[in-house]
Amino acid sequence: MTLPALKTDPYNLIITGVGGQGNVTASRILGNMLSRKGYFITIGETFGASQRGGSVMSHLRISAEETCSPIIPKGQGHMVIAMEPSEAIRVLAEYGNMEIKVISNTRPIHPVGVIAGEQAYPSREDIEERVNDISGQAWFINATDEALADMKNPVYGNIMLLGAVAATGELPIDRSDFEAIIAETMPAEKVALNLKAYDRGLEIMN
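If you're wondering where the values come from, they're calculated on a predicted model, not measured in any experiment.

What to know about the overall build of the protein
- The helix and strand tally for the protein stands at eight helices and six strands.
- For the protein, the succession of helices and strands along the chain, N to C, is β-α-β-β-β-α-β-α-α-β-α-α-α-α.
- Its C-alpha atoms give the protein principal-axis dimensions of about 55 × 40 × 35 Å.
- Within the protein, buried positions represent 48% of all 206 residues.
- Within the protein, contacts between residues at least 6 apart in sequence are counted, and of these 67% link residues at least 24 apart.
- By element, 49% of the accessible surface of the protein is carried by carbon and sulfur atoms, the whole surface being about 9600 Å².
- Charged side chains in the protein number 17 positive and 25 negative. The centres of these two groups are separated by 4 Å.

Focus on the pattern of salt bridges
- All chains considered together, the criterion is met by 14 salt bridges.
- For Glu170, the salt bridge identified is with Lys101, shortest N-O distance 3.8 Å. With a gap of 69 residues between them, Glu170 in the loop between α6 (157-168) and α7 (175-185) and Lys101 in strand β5 (residues 101-105) connect regions that are remote in the sequence.
- Salt-bridge contacts for Arg200 lead to Glu146; the nearest nitrogen and oxygen are separated by 3.0 Å. Of this pair, Arg200 sits in helix α8 (residues 188-205) while Glu146 sits in helix α5 (residues 143-151), and the two are 54 residues apart along the sequence.

Some details on the side chain of Thr106
- Relative to the helices and strands, Thr106 is located in the loop between β5 and α3 (112-115).
- Contact partners of Thr106, with chain neighbours within four places excluded, come to Pro85, Arg124, Glu128, Phe140, Ile141 and Asn142.

Regarding unusual backbone geometry
- The omega angle of the peptide bond from Asp9 to Pro10 is 5°, so this bond is cis rather than trans.
- You can see Pro10 is positioned in the segment before β1 (11-18).
- At Lys152, a residue that is not glycine, the phi angle is positive and equals roughly 65°.
- The topology assignment puts Lys152 in the loop between α5 and α6.
- Taking relative accessible area as the criterion, Lys152 reaches 65% and is therefore assigned exposed.

Notes on the pairing of strand β4 (residues 79-82)
- Residues of β4 alternate between two faces, with Met79 and Ile81 on one and Val80 and Ala82 on the opposite face, all of them buried.
- The pairing of β1 with β4 spans four bridges and is classified as parallel. Bridge pairing in β4 links Ile14 to Val80.
- By the bridge criterion, four bridges tie β4 to β5 in an arrangement that is parallel. Each bridged residue has a counterpart across the sheet, and for Met79 the counterpart in β5 is Lys101.
- Handedness of the β4-helix α2 (residues 85-95)-β5 crossover: right-handed.

What counts, and where the lines are drawn
- Residues numbered from 1 in each chain as written.
- Predicted model: local features only at pLDDT ≥ 70, side-chain atom pairs only at ≥ 80, totals over all residues.
- Heavy atoms only, no water.
- Helix = DSSP H or I, 4+ residues; strand = E, 2+ residues; numbered from the N terminus.
- Buried < 20%, exposed > 50% of the residue type's maximum accessible area, 1.4 Å probe, protein only.
- Contact = heavy atoms within 4.5 Å.
- Areas by Shrake-Rupley, 256 points an atom, 1.4 Å probe, with all protein chains shown as cover.
- Lys, Arg positive; Asp, Glu negative; His and termini not counted.
- Charge placed at Lys NZ, Arg CZ, Asp CG, Glu CD.
- Salt bridge = Lys/Arg side-chain N within 4 Å of Asp/Glu carboxyl O.
- Pairing = 2+ DSSP bridges.
- Right-handed = clockwise from strand over helix to strand, strands pointing away.

Right under this line is the structure:
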């Protein structure tokens, strides 16, 4: 079977956020969706100082031809999915370029230094301006609040962002791929909510 061609091979995608946002779950789901279609998927992960609240970053390297090293080379990212907005800037500084695409949640999670009044957190406007300045195209979605409103649980924001990725057409994935993976890996009572979150991500982008 001939796989649909990727826009570039390997396609380098980074999912970033802080501990507790479902970053690793999202990377596993997306990787499984693409692996199921026949692509080679390599995932590399880095964690901050703490499991919950520290920076978490997953590198997904997607290829129709070969298994790649797990860490994306500096400056060679193709897409960033940021579950926490300031983390988008952190990742872009290291892996970004003027063609990279960004999908970012807009709800901040303030680190301890900001909560203690020792550091300042940038405004939403400043974050969006900076991301737009150092990327090729960016979309900003209030996934946390949307998940709270529609699914009554902010954890579904990560799934909403996966729906947004599908809407960009950057990767050869669709709803049936997502539904198949969710049905295999999630309890039956959670399948409908996950599909609702995924569909909401698609709707926001269209």
